[in-house]
Amino acid sequence: MGSKLPRVVRMVAAATAIGLAAACGGGGGQASPAAGGDPAQPVELTFWSWVPDIQKAVDQFNAAHPGIKVKLETITPGPDGGYAKMLAAVKAGNAPDVAQVGYDSLPSFLVNGALEDVTEHARDDAATFVDWQWQTGVFGGKVYAIPQASGPMGFYYRKDLFDKWGIEAPKTWDDFAAAAATIRQKDKDAYISTFAANQAPWMISLAQQAGRQWFSTEGDAWKVTIDNPDTRRMAAFWQKMLDDKLLKTEADLSNAWYKDLQTGGIVGWIGGSWGDAIIRGNAPDTSGKWAVAPMPQWAGATTFTSASWAGGSASAILKGTDNPAAATEFAVWLNSDPRSVNTLLSAGYGWPSIKDTSQITNLQKDDTVFPFYGGQNIWDVFKESDAAVTMDWRWPPVSDALYAALTDNAKAAVQGQGTLTDAFVKTQQAMVEQLRAKGLNVVTGG
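1. Things to note about the packing of aromatic side chains
Logical step 1: This structure, assessed with the given rule, holds 38 aromatic pairs.
Logical step 2: Considering the side-chain rings of Phe237 and Trp298, the 5.6 Å spacing of their centres and the 80° angle between planes classify their relative orientation as edge-to-face. With a gap of 61 residues between them, Phe237 in helix H10 (residues 229-243) and Trp298 in the loop between strand E10 (290-294) and strand E11 (308-317) connect regions that are remote in the sequence. Summarising the burial analysis for this pair, Phe237 and Trp298 share the class buried.
Logical step 3: Plain terms: the ring middles of Trp269 and Trp309 are 6.2 Å apart, the flat faces sit at 75° to each other, and that makes the pair edge-to-face. Separated by 40 residues along the polypeptide, Trp269 in strand E9 (residues 268-272) and Trp309 in strand E11 bring together distant segments of the chain. Accessibility classification places Trp269 together with Trp309 in one group, the buried group.
Logical step 4: Joined through ring pairs, the aromatic side chains of Tyr156, Trp257, Tyr258, Trp269, Trp274, Trp309, Trp351, Phe372, Tyr373, Trp379 and Phe382 make up one cluster.
Logical step 5: Its end group placed over the ring of Trp48, Lys85 keeps NZ or CZ at 4.9 Å from the ring centre.
Logical step 6: The side chain of Arg184 reaches across the aromatic face of Tyr191, ending 3.9 Å from its centre.

2. Quick look at the sheet that holds strand E8 (residues 221-224)
Logical step 1: Reading across from one edge, E7-E8-E13 is the order of the three strands in this open sheet, with mixed pairing throughout. At either end of the open sheet lies a strand with only one pairing partner, and these are strand E7 (215-218) and strand E13 (442-444). Averaged over all adjacent pairs, the angle separating strand axes in this sheet is 35°, with direction ignored.

3. Quick word on the packing of helix H9 (residues 200-210) against H10
Logical step 1: It is at 8 Å that the axes of H9 and H10 come closest, and there the two elements cross at 125°. It follows that H9 is oblique to H10 by the angle criterion. Crossing of H9 against H10: the hand is right-handed. On H10, the residues touching Trp202, Met203, Leu206, Ala207 and Ala210 of H9 are Asp230, Thr231, Arg233, Met234 and Trp238.
Logical step 2: Looking at the contact of H9 with H10, its residues break down into seven nonpolar, one polar and two charged.

4. Quick notes on the pattern of salt bridges
Logical step 1: Per the stated rule, a full pass over the model turns up 13 salt bridges.
Logical step 2: A salt bridge links Asp160 to Arg158, with the nearest nitrogen and oxygen atoms 2.8 Å apart.
Logical step 3: The class of Asp160 is partly exposed, set by a relative accessible area of 27%.
Logical step 4: Look at Arg158 and you get buried, because its relative accessible area is 6%.
Logical step 5: Notably, a salt bridge pairs Asp276 with Arg280, separated by 2.7 Å at the nearest N-O pair. Here Asp276 pairs with Arg280, and both are found in helix H12 (residues 275-282), just four residues apart, close to one helical turn.
Logical step 6: Among the residues examined, Arg280 registers a relative accessible area of 22% and is labelled partly exposed.
Logical step 7: Each of the salt bridges in this network shares a partner with another, and the network as a whole consists of Lys248, Glu250 and Asp260.

5. Considerations on the pairing of E7
Logical step 1: Where E7 meets E8, four bridges bridge the pair, whose relative direction is antiparallel. Note that in E8 the partner of Phe215 across the bridge is Val224.
Logical step 2: Between E7 and E8, which pair antiparallel in sequence order, lie two residues; one of them, Gly219, sits at a positive phi of approximately 65°.

6. Describing helix H11 (residues 255-263)
For an α-helix, the turn length of 3.6 residues means that residues three or four places apart are oriented alike.
Logical step 1: For H11, the set of buried residues is Trp257, Tyr258, Asp260 and Leu261. Relative to the axis of H11, the buried residues are bounded by an arc of 160° and lie together on one face. Exposed positions of H11 whose direction lies more than 90 degrees from the buried face are Asn255, Lys259 and Thr263.
Logical step 2: One or two positions beyond H11, positive phi appears at Gly264, with a value near 90°.

7. Here's the deal with the packing of helix H13 (residues 324-336) against helix H14 (residues 338-346)
Logical step 1: In contact at an axis separation of 5 Å, H13 and H14 are set at 65° when each is read in the N-to-C sense. Residues Trp333, Leu334, Asn335 and Ser336 of H13 pack against Pro338, Arg339, Ser340, Val341 and Leu344 of H14.
Logical step 2: Looking at the contact of H13 with H14, its residues break down into five nonpolar, three polar and one charged.

The rules behind these values
- Residues numbered from 1 in each chain as written.
- Predicted model: local features only at pLDDT ≥ 70, side-chain atom pairs only at ≥ 80, totals over all residues.
- Heavy atoms only, no water.
- Phe/Tyr/Trp six-rings, centres within 6.5 Å; stacked < 30°, edge-to-face > 60°.
- Helix = DSSP H or I, 4+ residues; strand = E, 2+ residues; numbered from the N terminus.
- Buried < 20%, exposed > 50% of the residue type's maximum accessible area, 1.4 Å probe, protein only.
- Lys NZ or Arg CZ within 6 Å of the ring centre and 35° of its normal.
- Pairing = 2+ DSSP bridges.
- Axes fitted to C-alpha atoms, helices over the stretch in contact; angles between N-to-C directions.
- Parallel < 35°, antiparallel > 145°, perpendicular 65-115°, else oblique.
- Left-handed = near helix turned anticlockwise from the far one by under 90°.
- Contact = heavy atoms within 4.5 Å.
- Nonpolar A, V, L, I, M, F, W, Y, C, P; charged D, E, K, R; others polar.
- Salt bridge = Lys/Arg side-chain N within 4 Å of Asp/Glu carboxyl O.
- Arc of directions from axis to C-beta.

Written out as structure tokens, the structure reads:
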């Protein structure tokens, strides 16, 4: 198979799939000596982010670091919003120093030459962060981004109704299917969940937890294995649930879905940790009736395994920054200092990327969240979930195309045009075509 890209570029692209992340040792959290700046003439940095209320954390950093002044600019998330603007800015030579980029999009940024190598400034910080989250910003042993937060998965459910119907929170996927059937028997208007064909990241998280990875490398070629036995097992499970009419098929995070949360039409949701705020904000009258359980496990599993909704997001240092040391210091502080992490957690930005959350007071006591879930500390569930995310899951440099293909194919399957298994087979074919169109060598497997 020929390639339109120089070999060195192809090798960098391949490295994005396997990480090759050499674990950096050290104690973490130490700023580079050159990063501090002069309070009389502070280093000026620009930061692009979409996180609500993140200005509060930026202000905290500026107050604590008089030698560095960070200016925040709010952007629109996603490939057609902020990402396109970031890549254009890098190409034009006027990019921000630090930008918020999803874990799933970092490989694309790397292949497009949009990330700055800050290994020398971040080499002592790896131990501060959860291993799998740290690895998302490390390619070929070099550090390009500091992890911010993830979206570990859990099962939100109406505990009051489960108790009424004599159903326990499902521990396995077989339990989940049995609970779904019982719910349909007990209340003809209620469903355990919806199959969210509109949410490619959600479907990918199901495949991630099921087992085998979708993307890896062989030499300088990408290996695409979306059509594998574990994903087929997962797809067949959800297809049977659909065939047995145990699920709704409306889009989640839609007006109809919100109404079902409010009325008990939907009594469960496999969602990310940030979903807590979604439920509280859109079904306030159900306060005290919900609980959260770990993601159901596959039969025969020997260890608890979870997944993360679209991975999460990082503070990436963009190519061309004049102050890589200061930019790295800011990114590390923003995502590890307890003051900042507490501020960001209150804004609903996701699960922290740091290992030690003992000083994150919102995780220990929350007078808003815990009462809504009947007094449960739901963060204990998500802490376990985040620690159980698989280390070998890698994203391709075409995540936007992956999302589009999977969504289109899954929607067709839900509408009766083939099966969910067919949807994943077609998605593999689409990814092979997308990667080859970028001039990359591709092999397939299962």
